[in-house]
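# Breakdown of the fold
This is what each chain is made of:
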Amino acid sequence: MSDGSIDLRTDVAHPARMYDYFLGGKDSYDADRAAAEQALRNFPAVRLTARTNREFMRHATRYLSEQGIRQFLDIGTGIPTEPNLHQVAQGLAPESRVVYVDNDPIVLAHARALLVSSEEGRTAYIQADVGDPEAILAAPELRATLDLSQPVAVSLMAVLHFVPGDVYEIVNTLMAPLAPGSYLAMSHVTTEFDDGPDDPDGMARLLQVYVDRGIPVRPRTRAEVARFFDQLELVDPGVEVIHRWRNSGIEHPQSHDKKVSLYGAVGRKV
């Protein structure tokens, strides 16, 4: 995928590379590692948060596959970390088709790892920004891989809190052309479990690390996350802390809600 001319902007911390660092990956640079280490000092549970978010993606993908979904649009993919979404989906239904989307050039540089599909299925990668949903939907890679007349699951894991602008309109634009029976699955950061703005164990301290480096971030309440699903039918139990969504089997006790501080939900287009 790379011709050697990609500008990775290694002097600027990027959320995807910080996330990779939290997960134990090696695809980060000095700026990313410095920011990530500061994040760990501010919010020591951040590795647990990242691991739990990754597991929620797998759990939600398994649920969607069990509902008969065979097409996935994963936006804000991040650096490949096995198992990737297509490995989960194709492990259950080899004919599944997956389109990955990310705006970090290092993800493009590693995108070959995302394109190893089963023989029956297919994967594709789009270099694009979630802030431009029209460009994503118009991308030839998407149109060649997904049939929008059939249900598609849109996956937005831990990405929308980094997106400026009208994120509700972005989601509505993404979902509008999709067939009935399509789904939205997402996770989103919250500070609702913080004990005030100066809580030494609060998620706000982690988010400040991003803000200090010029990375926009906007936590949302449970009600604000629920708004993303206003035009959809929420899957029971609605918006929930990700490790407890549908008794997911992500083995962390309820006392870890504050350490996770991510809401998750899945909704169906009717």
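For the protein chain, an unreviewed UniProt entry supplies the name SAM-dependent methyltransferase and the organism Nocardia fusca.

Turning to the pairing of strand β2 (residues 97-102), a few remarks are in order. Across the six residues that make up β2, a large majority, five, are buried. Two strands pair when backbone bridges link them, and strand β1 (residues 71-75) and β2 are joined in this way by five bridges, in the parallel orientation. From the neighbouring strand, Asp 74 faces β2, where its bridge partner is Tyr 100. Chirality of the crossover, the property in question, places the unit of β1, helix α4 (residues 85-92) and β2 among those that are right-handed.

Quick look at the pattern of salt bridges now. Under the counting rule described, the total for this entry stands at 10 salt bridges. The residue Asp 199 makes a salt bridge to Lys 258 at a minimum N-O spacing of 2.6 Å. Of the two residues, Asp 199 is situated in the loop between β5 (183-189) and α9 (203-212) and Lys 258 in helix α11 (residues 257-260); the sequence distance between them amounts to 59 residues. Residue classification places Asp 199 among the buried positions, given a relative accessible area of 7%. Residues Glu 224 and Arg 218 are paired through a salt bridge, measuring 3.1 Å at the closest nitrogen-oxygen approach. What makes Arg 218 partly exposed here is its relative accessible area of 38%.

We now examine the side chain of Ser 96. Mapped onto the elements, Ser 96 comes out in the loop between α4 and β2. At 2.8 Å, the side chain of Ser 96 forms a polar contact with the backbone oxygen of Ala 93. In contact with Ser 96, not counting residues within four places along its chain, are Ile 69, Arg 70, Phe 72, Ala 89, Gln 90, Gly 121 and Arg 122.

Now for the packing of aromatic side chains. All told, the structure shown has five aromatic pairs when counted by the stated rule. Measuring from ring centre to ring centre gives 5.5 Å for Tyr 63 and Trp 245, while their planes differ by 90 degrees; the resulting arrangement is edge-to-face. You can see Tyr 63 sitting in helix α3 (residues 46-66) and its partner Trp 245 sitting in the loop between β7 (240-241) and α11, a full 182 residues away along the chain. Taking the relative accessible area as the measure of exposure, Tyr 63 reaches 12% and is therefore buried. Overall, Trp 245 belongs to the buried group, its relative accessible area being 0%. Relative to Tyr 263, the ring of Phe 193 has its centre 5.9 Å away and its plane inclined at 50 degrees; by these criteria the two rings are tilted. With Phe 193 in the loop between β5 and α9 and Tyr 263 in strand β8 (residues 262-268), this residue pair connects regions lying 70 residues apart in the sequence. The cationic tip of Arg 246 hangs over the ring face of Trp 245; the distance from NZ or CZ to the ring centre is 5.7 Å.

Structurally, the position occupied by His 161 is in the loop between β4 (153-157) and α8 (167-175). His 161 gets classed as buried once you look at its relative accessible area, which sits at 5%. Separated by 87 residues in sequence, His 161 and Asp 74 place their C-alpha atoms 16 Å apart. Leave out the neighbours within four places in its chain, and His 161 touches His 188, Val 189, Pro 216, Val 217, Arg 218, Arg 220 and Leu 262.

Attention now moves to the pairing of β5. With respect to burial, β5 is a largely interior element, seven of its seven residues being buried. By the alternation rule, side chains of β5 split into Tyr 183, Ala 185, Ser 187 and Val 189 and Leu 184, Met 186 and His 188, which are all buried. Bridge count for β4 against β5 is five bridges, and the pairing is parallel. Looking at the pairing, Leu 156 lines up with Met 186 of β5. In this region the chain leaves β4, passes through α8 and returns to the parallel neighbour β5; the handedness of that crossover is right-handed. Note: β5 against β8, seven bridges, orientation antiparallel. What sits directly across from His 188, in β8, is Tyr 263.

What counts, and at which threshold
- Residues numbered from 1 in each chain as written.
- Predicted model: local features only at pLDDT ≥ 70, side-chain atom pairs only at ≥ 80, totals over all residues.
- Heavy atoms only, no water.
- Buried < 20%, exposed > 50% of the residue type's maximum accessible area, 1.4 Å probe, protein only.
- Helix = DSSP H or I, 4+ residues; strand = E, 2+ residues; numbered from the N terminus.
- Pairing = 2+ DSSP bridges.
- Right-handed = clockwise from strand over helix to strand, strands pointing away.
- Salt bridge = Lys/Arg side-chain N within 4 Å of Asp/Glu carboxyl O.
- Polar contact = N/O pair within 3.5 Å; in protein donor to acceptor, adjacent residues only side chain to side chain.
- Contact = heavy atoms within 4.5 Å.
- Phe/Tyr/Trp six-rings, centres within 6.5 Å; stacked < 30°, edge-to-face > 60°.
- Lys NZ or Arg CZ within 6 Å of the ring centre and 35° of its normal.

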